[in-house]
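Summary of structural features
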Amino acid sequence: MATLQDLLAQKEALEREIENTKKHHRAEAIAKVRSMMAEYGLTAADLAGRASARAAGAKSTKGGKVAVKYRNAATGDTWSGRGLQPKWLKAALAAGRKIDEFSV
């Protein structure tokens, strides 16, 4: 029967072997991916899906500003037409003005 020390030594040796095998397989996978990227002319951005979405003509839905649709000529305040109406526009509409008067 093996002693505790023998078993711990075997465990440590197996863990080292597992780690070395993982590193070896990882290195092989990286080499294979790099080779395929070179063969097909791919970049990291292509792998992330950003370049292929742009190539297909997809528009980004994140960030970016929306064009101004309404402007208060007196103060220069603007509104894109999205979201809640600003207070200055609500007040002007309540006073009887038309929204078309503020169109850009």
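Residues numbered from 1 in each chain as written. Predicted model: local features only at pLDDT ≥ 70, side-chain atom pairs only at ≥ 80, totals over all residues. Heavy atoms only, no water.

The next thing to look at is the nonpolar core. Tyr70, Trp79, Trp88, Leu89, Ala92 and Phe102 together form the largest nonpolar core, which totals 6 residues. When residues in this core are grouped by element, the largest group, 3 residues, is from helix 4 (residues 87–94). Once residues lying within four places of it in the same chain are set aside, the contact partners of Leu89 are Trp79, Ile99 and Phe102. (Core = buried A, V, L, I, M, F, W, Y, C linked by side-chain atoms within 4.5 Å. Buried < 20%, exposed > 50% of the residue type's maximum accessible area, 1.4 Å probe, protein only. Helix = DSSP H or I, 4+ residues; strand = E, 2+ residues; numbered from the N terminus. Contact = heavy atoms within 4.5 Å.)

To continue, consider the packing of aromatic side chains. The description of an aromatic ring pair rests on the distance of the ring centres and on the angle between the ring planes. For the structure on display, the rule yields 2 aromatic pairs. Between the aromatic rings of Tyr70 and Trp79, the centroid separation amounts to 5.4 Å while the plane-to-plane angle is 25°, which identifies the pairing as stacked. Accessibility assignment for this pair places Tyr70 and Trp79 in one class, buried. (Phe/Tyr/Trp six-rings, centres within 6.5 Å; stacked < 30°, edge-to-face > 60°.)

This model, assessed by the stated rule, comprises 2 salt bridges. Between Glu12 and Arg16 there is a salt bridge, with the nearest N and O atoms lying 2.9 Å from each other. Of this pair, Glu12 and Arg16 both sit in helix 1 (residues 4–40), separated by 4 residues, roughly a single helical turn. (Salt bridge = Lys/Arg side-chain N within 4 Å of Asp/Glu carboxyl O.)

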